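Breakdown of the fold
Spelled out, the chains give:
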Amino acid sequence: MSFTIFVDADSCPALVRKHIISFCEKQSKYANALFVSNRAIPLPALPKNAQIHICPQIEQAADDYIFEHAQAHDAVITRDIPFAARLTKRDIICMNDRGTLFTKENIRERLSERDFNLNLVALGLGGSSKKSSYGQKEFKKFCDCFEREMQKLLIIAQYGPPRM
């Protein structure tokens, strides 16, 4: 059994894309990667188990493509919190490129934080923050979360889902 790592690739940092490709090369028997975007994105040479899918330049086209194709025991990397909320309802592992794991238990809080921050921006009280930069600290946090969740998927791929 294998699983797919879907990447909402339009805003995904190059470091993260390279890390996912490297993981898939090492775990080629079990892990596949699909980079989904609305435009061509720079990627290193892809192994056979990694591909890019370019969607039409229509709003939410990449999200909709991922949502239609992702299944239980797949993973999605996205910054889009409302999209993550849709995915967590389907028990799909979902995280952002900063190492935040979105779950059924925390997604409402994440949506509330997002809405609060959008309201601050609309009032002219926010907008630029330290979160806009992406460096080694954010990448390390992503790697830790990614490795933890991929180990769970590798166990399922090798031995099947846990029986209840």
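Refer to the structure printed above.
Quick summary incoming for the structure in this document. Sequence order as written defines the numbering, with residues in each chain counted from 1. The model is predicted, so local features are restricted to residues of pLDDT at least 70 and side-chain atom pairs to those at 80 or more, both for listing and for counting; the totals for chains, interfaces and linings are taken over all residues. Remark: hydrogens and water are excluded; side-chain values derive from all non-hydrogen atoms of the structure.

A pair of strands counts as paired when DSSP detects no fewer than two bridges linking them. Helix and strand assignments follow DSSP, with helices taken as H or I runs no shorter than four residues and strands as E runs no shorter than two, numbered in order from the N terminus. The six strands lie next to each other as β3-β2-β1-β4-β5-β6, forming an open sheet whose pairing is mixed. Each edge of the sheet is formed by a strand with only one pairing partner; in this case those strands are β3 (50-54) and β6 (101-102). Here three bridges tie strand β4 (residues 75-77) to strand β5 (residues 93-95), and the two strands are oriented parallel to one another. Residue pairing for β5: Ala 75 is matched across the bridge by Ile 93. Only heavy atoms enter the contact rule, under which two residues are in contact if any of them lie within 4.5 Å. Interaxial angles span 0 to 180 degrees and are taken between N-to-C directions of axes, which are lines fitted to C-alpha atoms, for helices over the stretch in contact. Running over the sheet, helix α1 (residues 14-26) touches β1 (3-8), β2 (31-37) and β4 and is turned about 150° from β2. Of the strands in this sheet, β1, β4, β5 and β6 touch helix α5 (residues 136-159), which is tilted by about 170° from β5.

This part takes up the environment of Phe 35. Mapping Phe 35 onto the fold places it in strand β2. Buried residues are those whose accessible area, probed at 1.4 Å on protein chains only, stays under 20% of the maximum for their type, while exposed residues exceed 50% and partly exposed ones sit between those limits. With relative accessibility at 0%, the residue Phe 35 sits in the buried group. For the pair Phe 35 and Ile 54, spaced 19 residues apart in the sequence, the C-alpha separation amounts to 8.3 Å. Phe 35 has contacts with Val 7, Ala 9, Arg 17, Ile 20, Ile 21, Ile 41, Leu 43, Leu 46, Gln 51, Ile 52 and His 53, leaving out every residue within four places of it along the chain.

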